[in-house]
Amino acid sequence: MSWEQYLTYDDAVPSEYYGGALVVAAQPSQLHQHIQFRLTTLLHAHAPAGAAVTQGWAWSPDGAREELGPDLMVHEPTTEQRALRSIPFLVVEIVSTNRSADLVAKLQRYAAWGAPSYWIVDPRDHAVTTLVLRDGLYEESGFHTSGAVVLTYGDIEVPVDLDALFG
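Model, not experiment: these values are computed from the prediction.

A. Structural detail: the overall build of the protein. Each helix and strand counted, the protein has four helices and 12 strands in total. For a compact globule of 167 residues, the expected C-alpha radius of gyration is about 15 Å, and the protein comes in at 15 Å, within 12% of that figure. For the C-alpha atoms alone, the extent of the protein along its principal axes is close to 45 × 30 × 30 Å. Expressed as a percentage of its 167 residues, the buried residues of the protein come to 43%. For the protein, the accessible area works out to roughly 8400 Å², and carbon and sulfur atoms hold 53% of it. Within the protein, one finds 9 positive and 21 negative side-chain charges whose respective centroids are separated by 5 Å.

And the structure:
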């Protein structure tokens, strides 16, 4: 499928477009949804004034001929409907059954697209890895597996009880 065909694709099935292909997403597990809800609530409570927190919405920065659907993004408010075209403050992926997409392919694209902060939340390993973009590559800024921690993006601090998050 070409990028142009993808742009006219109007199906109710959650999907992304990268690597020149339509990628259909499986339904998230119940744990995935609980983690997403808990993180959305925490990010709303600690977001910069006026920032938007969205879940499951597409991101396709200006000039990109690909579209990904991060689990969560914190970004400037926008009237865009199909996809966020600007650079979000934070991108969050909750690792799914397609681990290589979340841990490799998306990491590379988010870095190339300039997302300054990327959190990888891994329900299987009960871990959160926080990454910061430096010189076009992500550098690990934290790795947490349990207890009360403070996750950061930019100057924003988000206190998280990881045991409750993964519970």
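B. Focus on the packing of aromatic side chains. For the coordinates displayed, the defined rule picks out eight aromatic pairs. Among the aromatic residues, those joined into a cluster by ring pairs are W59, Y110, W113, Y118 and Y138.

C. Up close: helix α2 (residues 30–46). Look at α2: 25 Å from first C-alpha to last across 17 residues, which is about the 24 Å you get at 1.5 Å a residue. Among the residues of α2, those classed as buried are H32, I35, Q36, L39, T40 and L43. In a view along the axis of α2, the buried residues occupy a sector of 135 degrees, so they form one face of it. In α2, the exposed positions that point more than 90 degrees away from the buried face belong to Q30, F37 and A45.

D. Structural detail: the pattern of salt bridges. Within the structure shown, the criterion is met by 10 salt bridges. Residue R85 pairs with D62 through a salt bridge whose shortest N-O separation is 3.2 Å. Taken as a pair, R85 in the loop between β6 (83–84) and β7 (90–94) and D62 in the loop between β4 (58–59) and β5 (72–75) lie far apart in primary sequence, 23 residues in all. Here R82 ties to E67 by a salt bridge, and the two come within 3.0 Å at their closest N and O atoms. You can see R82 sitting in the loop between β5 and β6 and its partner E67 sitting in the loop between β4 and β5, a full 15 residues away along the chain. With relative accessibility at 39%, the residue R82 sits in the partly exposed group. The exposure class assigned to E67 is buried, which follows from its relative accessible area of 5%. Residues participating in the shared-partner salt-bridge network are R99, D122, R124 and D125.

Definitions and limits used
Residues numbered from 1 in each chain as written. Predicted model: local features only at pLDDT ≥ 70, side-chain atom pairs only at ≥ 80, totals over all residues. Heavy atoms only, no water. Helix = DSSP H or I, 4+ residues; strand = E, 2+ residues; numbered from the N terminus. Rg over C-alpha atoms; globule rule 2.2 N^0.38 Å. Buried < 20%, exposed > 50% of the residue type's maximum accessible area, 1.4 Å probe, protein only. Areas by Shrake-Rupley, 256 points an atom, 1.4 Å probe, with all protein chains shown as cover. Lys, Arg positive; Asp, Glu negative; His and termini not counted. Charge placed at Lys NZ, Arg CZ, Asp CG, Glu CD. Phe/Tyr/Trp six-rings, centres within 6.5 Å; stacked < 30°, edge-to-face > 60°. Expected span 1.5 Å × (residues − 1). Arc of directions from axis to C-beta. Salt bridge = Lys/Arg side-chain N within 4 Å of Asp/Glu carboxyl O.

All quantities given are derived from atomic positions and should not be read as evidence of function.
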